[in-house]
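A closer look at the structure
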Amino acid sequence: MTTDWSLTALLAALGGVVLVGVLAQGWWSARRAGPRRAAPAPVPADRQEPSLAAGAANADGSSPDALPDLRTLDETVPAVARARKTSTRIDALIDALATVTPETPVSGEMALSHLPGSRRAGTKPFQIEGLNAATGDWELPQPGQRYSEFQAGLQMANRSGALNEIEYSEFIQKVQGFADGLGAMVEFPDMLDVVARARELDQFAASHDAQLAVQLRAKGAAWTLGFVQQGALRHGFVPGSIPGRLVLPAPEEGAPPVLALQFNAQAALADDPHTSSLRELTLALDVLQTPEAQEPFAVWQESARQLARDFEADICDDRGQVLNLHAFQAIGQELATLYKALAARDLAAGSPVARRLFS
C-alpha cells in the first residue's frame, strides 16, 4: 500500500516537471520571436533623477547627467549650417540690395562669365557677391568655388549726389542680365522706396561732410619743387599717385592717407624739380576718411605749423586770411559735434561704410 502511494506521488511529480518544461520552452520561443529589447540598466541603491546640477564626473571632468553646454555646440557645427557671415563690401545702411537665387549652387566660373562688364550705374558703384556654399562667407565670385545665392548692392549716395531713377534702372538692367545668365530668380526693392532713401541719405551726408584745407603761402622767396619735396619728406609725406600731390600715409595698410599736400601739377611734371617755382601749397584733411581715435585734426594742425615754420609760410584760409590759434580751436569744437552725429548714425569717421559714402 505504501509502495503504490509512493509510485503515484513520483509519477505526479515527474508530470509537473514535464509541464514546467513545456511552458518554459513556449515562453522562450515566444521571446525569441518578438522584438529585441535593451537590457535594463542597473539601478544604483542611491539613484537620483538627472538634473542640471553636476553629477559624477566623466573622464574629462564633465557630469554624465548634466545637459550639454549650448555655448560649445557651435564649435562642432559645419560652417554651412551656422549663421551667415556679414559682408564687408555691402551694407544695407547705404546700399540698395537685390537678391539673386539660383535653383542649384552655381560655380564661380559660371558666375564670373555672366558678371556685368562695368559695376557702375551712372555715378554709383555696385558690387555682386556670392554666398560660398562651403564656408558661408559672402565673397566676390572666385574660380573653384560654388555659390548658393548672390546679392547685389548699389550705393545709394556719394559725393556725386543721391541715386536717381535712371541710375537705378541701369542697375536693374545689369543685375537682371546676370540673373538670366544663371537661370536664377532676382528680387529688387521698390524703386520709389530706394530713391526716397537715397535722397534722405544724401541730405544727411551733405550736412555732415567735412573736408578741411589751409593754404601755406610763401612770405618771401618762392620754393622749388625739390625744396618742397625735401621738406615734406622730413615730416613723413611721400609722393602720391597723382602728380602734384604728396600724402601722409595712414597707420593701417590700405587705408586712405591722413593728409594731402597739394601743389601745381605742372610744376610736378617739370623735367627738373629744381627749376620750378611754387609760392602756395594746400594742406588738406578729409575728416571722414580717418578714425577719430587717430586724432587726424591734431595731426593736420601740427603738420601745418611745422611746414609753415620750415617753409617760412603763412597759414591762410581759402580767402587768404591768416589763421590764428583761436580759429583752429573753433574748428576742433565743431568736429567733436560732427563725430558724435556720425557715430549715432552708424557712420563713424574712418569706418568702411563712411569711407564709401563720403567718396
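Everything here concerns the structure above.
Now for a quick tour of the structure. All values derive from a computational prediction rather than experimental measurement.

**Things to note about the side chain of Asn158**
Relative to the helices and strands, Asn158 resides in strand β7 (residues 157-158). At 2.9 Å, the side chain of Asn158 forms a polar contact with the backbone nitrogen of Ser160. The contacts of Asn158, once residues within four sequence positions are left out, are Thr123, Lys124, Pro125, Asp202, Arg356, Leu357 and Ser359.

**A word on the packing of helix α7 (residues 296-311) against helix α8 (residues 325-344)**
Between α7 and α8, the shortest axis-to-axis distance is 11 Å and the interhelical angle comes to 160 degrees. What the angle tells us is that α7 and α8 run roughly antiparallel. As α7 packs across α8, the resulting crossing turns out to be right-handed. Mapping the contact onto sequence places Pro296, Phe297, Trp300 and Gln301 in α7 and Leu325, Phe328, Ile331, Gly332, Leu335 and Tyr339 in α8. Its residues placed into classes, the contact of α7 with α8 shows 8 nonpolar, 2 polar and no charged.

**A short note on the sheet that holds strand β14 (residues 280-286)**
Spatially, β11-β12-β13-β14-β10-β15 is the arrangement adopted by the 6 strands of the open sheet, whose pairing is antiparallel. Strand pairing shows two members of the sheet lacking a second neighbour, β11 (238-239) and β15 (313-316), which therefore form its edges. Both strand β12 (residues 245-248) and strand β13 (residues 259-262) contribute to a ladder of 4 bridges, which runs antiparallel. What sits directly across from Val247, in β13, is Ala260.

**A word on the packing of helix α3 (residues 165-182) against helix α4 (residues 191-207)**
Between α3 and α4, whose axes approach to 10 Å, the crossing angle comes to 125 degrees. The orientation of α3 relative to α4 falls into the category oblique. Regarding α3 and α4, the two cross each other, and that crossing is right-handed. Contacts between α3 and α4 involve Glu165, Tyr168 and Ser169 on the former and, on the latter, Met191, Val194, Val195 and Arg199. Residues that form the contact of α3 with α4 fall into these classes: 4 nonpolar, 1 polar and 2 charged.

**Digging into the packing of aromatic side chains**
Within the structure shown, the criterion is met by 9 aromatic pairs. Measuring from ring centre to ring centre gives 5.4 Å for Phe150 and Phe178, while their planes differ by 85 degrees; the resulting arrangement is edge-to-face. Taken together, the residues span a long stretch of sequence, with Phe150 in strand β6 (residues 146-155) and Phe178 in helix α3 at a distance of 28 residues. For Phe178, a relative accessible area of 0% translates into the label buried. Through a chain of ring-to-ring contacts, three or more aromatic side chains come together here, namely Phe126, Tyr168, Phe171 and Phe188.

Conventions adopted
- The residue numbering used here restarts from 1 in each chain and proceeds along that chain's sequence as written.
- Reporting of local features is limited, given that this is a predicted model, to residues whose pLDDT is at least 70; pairs of side-chain atoms are given and counted only at 80 or more, and all residues count toward the totals for whole chains, interfaces and linings.
- To obtain the side-chain values, all non-hydrogen atoms of the structure were used and water was disregarded.
- Runs of H or I in DSSP of at least four residues are treated as helices and runs of E of at least two as strands, each being numbered from the N terminus.
- Polar contact criterion, stated in full: a pair of N or O atoms within 3.5 Å, where within protein one must be able to donate a hydrogen and the other to accept it, and residues adjacent in sequence count only if both atoms are side-chain atoms.
- When checking whether two residues touch, look at their non-hydrogen atoms; a contact exists if any pair is within 4.5 Å.
- Axis lines are fitted through C-alpha atoms, for helices just across the contact stretch, and the angle between N-to-C directions can take any value from 0 to 180 degrees.
- With respect to orientation, any angle under 35 degrees is reported as roughly parallel, any angle over 145 as roughly antiparallel, any angle of 65 to 115 as roughly perpendicular, and every other angle as oblique.
- By definition, turning the near helix anticlockwise from the far helix through less than a right angle yields a left-handed crossing, and turning it clockwise yields a right-handed one.
- Under the grouping applied here, Gly and all other residues not named as nonpolar or charged are polar, the nonpolar ones being Ala, Val, Leu, Ile, Met, Phe, Trp, Tyr, Cys and Pro and the charged ones Asp, Glu, Lys and Arg.
- When DSSP locates at least two bridges between a pair of strands, those strands are taken to pair.
- Planes of paired rings set the category: under 30 degrees apart is stacked, over 60 is edge-to-face and the rest tilted, where pairs are Phe, Tyr or Trp rings (Trp by its six-membered ring) whose centres lie within 6.5 Å.
- Here the term buried applies to any residue with accessible area under 20% of the maximum for its type, exposed to any over 50%, and partly exposed to those in between, with areas from a 1.4 Å probe on protein chains only.

Purely geometric stuff here, so don't read any function into it on its own.
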